[in-house]
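# What the coordinates show
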Amino acid sequence: MQSRSDASATTAKPPALRMRNLSLSYGVGPSRKLILDAIDLDVAEGEFLSIIGPSGCGKTTLLRLLAGLVPPSAGEIFFHEQPVTGPSRSRVIVFQDYGRALLPWRKVWANVALALESRGIARAERRDRAYALLERMGLTAVGDYFPGQLSGGMQQRVQIARALALEPQLLLMDEPFGALDAMTRQALQDEIARLALEQQITVVFITHDLEEAIYLGDRVVALAANPGRVASSSEVDLPRPRNQLTTREDPRFLAHRHRLFGLLMDH
Amino acid sequence: MRHSLILRIFALLFAAALIAIWQLATDARLFSPVFFPSPLRTITALIDGASRGTLWSALAATCLRMFYGWVLASLLGIVLGAAIARSGPIRAYLEPTLEFLRPLPASAVIPPAILFFGLSNEMTVAVIAFGAVWPVLLGSYHGFTNVEPRLEEVAAVHGMGALEYLWKIAFPGALPDIFAGIRVSLAIALILAVVTEMQAALPGLGFNILMAQRMFRSPELYAGIIVLGGLGFLTNQALLIAERRLLRWRTLTR
């Protein structure tokens, strides 16, 4: 098992996100169940961090802690040196179940406008700005549709457009493409990689798909289960922009895949 | 398209057949014309009432009664349902009382309502609101308790306050259930509008029907009943159209 100090991995700049001794448990006394055990992780500004792990390792829980939707039982999270105490528009989470995360009674553009409303953007500007974001996600044609009229991949694009409308500093993605078919998944992988690069957003990306984690990440953190803890952290030294064919055939990609596969099997 | 047209034609034929049987039964003098008029005499009475204006004023009085009572019931039901659904203490305080009041027949509260408000329109509105509030209350409660939990988190991430959350997430989410309650309430409102008029001798279709019965003017009696039926039908249709427009997102799916 490999373990290393994350602070040394990046530049002298303070990390965007720091997790210190982060633990979460449910229940009390003998029925107490430890979900996450003393997680120490740093995420550099602009870094794309993939987190993988077997089901039940608490990766979704970790993301919810980072979003501020759940308070930790012990330990602390610092975002740009400020302790995380609750949800914030600067740390936006993209849920896997896009169908439930969108407001079904609002048209696509109005779902994106929800984020603009919460930022206090004037009513007159919202529609145009929502459409500008929809254009970036290739959704202009369906702006006046309701979410229920769209395919799963398009609905997830709407959720990502809404997340971007908040202009977050940190994008937390919880297996966002897990429910999509392979072709749609690949297209969205490339879009999110491009957006993260363009906007210099820090991304924490949860997935159970090993290849997706390597393909997207600057770094891949593997969690072990029962209780959830960091099993390994490794830099992905593959050039960007990445390519669905050549990157996945790169010997370095395959080396990562072999190593992480073995690691996940061990746990 | 063609299928639904055929169904509609059959629905109309069925209604026409019933009227024909009615006409034949009265022609054959199966019932005394004093108690049971022919459709023709009924329609004549209807046209007569419409041309003299008596029908319109009665219709307007009943409509207003029903409308005010129903609006009051709907507002009360939505607000109470939301409050009970969203707040544990409010539910704990109100639930036993409401469970006691709910099974009370609305007609039983007419006498105390008359003592409070007199033989007035306020009395009828109060009684209608009391009787019609329950379906909306239950619908609203159900709708506001079953808000998608994921959307609560979406609201939290967007930094929504409690009121903004209620208005933008909870209320639109509860609207389908609220509409279901509101439509039942509309039917109850019409019933109670007629009952209170009869009890309190206030002008309206209900009172006209009662008077026609007492004076053995059976064509007017049946004309009144037909107008009431039409009123119930049309108001329900109007509400259905409003519902279809407001909840368009539910029917438009992939």
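Assigned secondary structure in chain A consists of nine helices and 10 strands. In terms of overall size, chain A behaves like a compact globule, its C-alpha atoms giving a radius of gyration of 19 Å where 267 residues would be expected to give roughly 18 Å. Along the longest, intermediate and shortest principal axes, the C-alpha atoms of chain A span 55 × 45 × 40 Å. Considering chain A as a whole, with its 267 residues, one finds that 54% of them fall into the buried category. A fraction of 70% describes how many contacts in chain A between residues 6 or more apart in sequence connect residues 24 or more apart. Working note: accessible area of chain A is about 11400 Å², and carbon and sulfur atoms make up 52% of it.

Scanning the model with the defined rule gives 27 salt bridges over all chains in all. A salt bridge links Glu 125 of chain A to Arg 129 of chain A, with the shortest nitrogen-to-oxygen separation between them at 3.1 Å. One end of the pair, Glu 125 of chain A, and the other, Arg 129 of chain A, are both in helix H4 (residues 123-136), four residues apart, so they sit about a helical turn from each other. Given a relative accessible area of 40%, Glu 125 of chain A falls into the partly exposed group. In this structure Arg 129 of chain A comes out as partly exposed when scored by relative accessible area, which is 31%. Among the salt bridges present, the one from Arg 257 of chain A reaches Glu 211 of chain A, with a minimum N-O distance of 3.0 Å. Of the two residues, Arg 257 of chain A sits in helix H9 (residues 251-266) while Glu 211 of chain A sits in helix H7 (residues 210-216), which places them 46 residues apart along the sequence. Taken together, the shared-partner salt bridges connect Arg 64 and Asp 97 of chain A together with Arg 150 and Glu 153 of chain B into one network.

Here we come to the packing of aromatic side chains. Given two aromatic rings, their pairing is described by the distance between the two centres and the angle made by the two planes. Evaluated as defined, the whole model comprises 13 aromatic pairs over all chains. Measuring from centroid to centroid gives 6.3 Å for Trp 22 of chain B and Tyr 222 of chain B, while their planes differ by 50 degrees, and the two rings are tilted. Placement of the pair is Trp 22 of chain B in helix H1 (residues 2-27) and Tyr 222 of chain B in helix H10 (residues 218-246), with a sequence separation of 200 residues. On the basis of relative accessibility, which here comes to 23%, the residue Tyr 222 of chain B falls in the partly exposed class. Relative to Phe 36 of chain B, the ring of Phe 31 of chain B lies with its centre 5.1 Å away and its plane at 70 degrees, an arrangement referred to as edge-to-face. A relative accessible area of 22% places Phe 36 of chain B in the partly exposed class. Directly above the aromatic system of Phe 78 of chain A lies the positively charged group of Arg 18 of chain A, at a separation of 5.0 Å from the ring centroid. Taking NZ or CZ as reference, Arg 250 of chain B lies 6.0 Å from the ring centre of Trp 249 of chain B, over its face.

Once that is clear, we can look at the nonpolar core. Membership of the largest hydrophobic core comes to 148 residues, with the highest contact counts inside it found for Leu 17, Met 19, Ile 160, Leu 171, Ile 192 and Val 204 of chain A. In terms of residue count, helix H8 (residues 162-200) of chain B provides more of this core than any other element does, 15 residues in total. Setting aside anything within four residues of it in sequence, one finds Val 204 of chain A in contact with Leu 17, Val 43, Leu 49, Ile 51, Leu 63, Leu 66, Leu 170, Leu 171, Leu 172 and Met 173 of chain A.

Let us now look at the packing of H4 of chain A against helix H5 (residues 152-165) of chain A. Residue and element names in this part refer to chain A. Packing of H4 against H5 leaves a shortest axis separation of 9 Å and a crossing angle of 125 degrees. Relative to H5, H4 is oriented oblique. Crossing handedness for the pair H4 and H5: right-handed. Mapping the contact onto sequence places Leu 133, Leu 134 and Arg 136 in H4 and Ala 161, Leu 164 and Ala 165 in H5. Tallied by class, the residues present in the contact of H4 with H5 amount to five nonpolar, no polar and one charged.

It is worth spelling out the sheet that holds strand E2 (residues 33-43) of chain A at this point. All names here are of chain A. Pairing within the open sheet is antiparallel, and its four strands lie in the order E2-E1-E4-E5. With one partner strand each, in any of the chains shown, E2 and strand E5 (82-83) form the two edges of the open sheet. Pairing of strand E1 (residues 17-26) with E2 involves seven bridges; the strand directions are antiparallel. Bridge pairing in E2 places Leu 17 opposite Val 43.

What counts and what doesn't
Residues numbered from 1 in each chain as written. Chains lettered and ligands numbered in written order. Predicted model: local features only at pLDDT ≥ 70, side-chain atom pairs only at ≥ 80, totals over all residues. Heavy atoms only, no water. Helix = DSSP H or I, 4+ residues; strand = E, 2+ residues; numbered from the N terminus. Rg over C-alpha atoms; globule rule 2.2 N^0.38 Å. Buried < 20%, exposed > 50% of the residue type's maximum accessible area, 1.4 Å probe, protein only. Contact = heavy atoms within 4.5 Å. Areas by Shrake-Rupley, 256 points an atom, 1.4 Å probe, with all protein chains shown as cover. Salt bridge = Lys/Arg side-chain N within 4 Å of Asp/Glu carboxyl O. Phe/Tyr/Trp six-rings, centres within 6.5 Å; stacked < 30°, edge-to-face > 60°. Lys NZ or Arg CZ within 6 Å of the ring centre and 35° of its normal. Core = buried A, V, L, I, M, F, W, Y, C linked by side-chain atoms within 4.5 Å. Axes fitted to C-alpha atoms, helices over the stretch in contact; angles between N-to-C directions. Parallel < 35°, antiparallel > 145°, perpendicular 65-115°, else oblique. Left-handed = near helix turned anticlockwise from the far one by under 90°. Nonpolar A, V, L, I, M, F, W, Y, C, P; charged D, E, K, R; others polar. Pairing = 2+ DSSP bridges.

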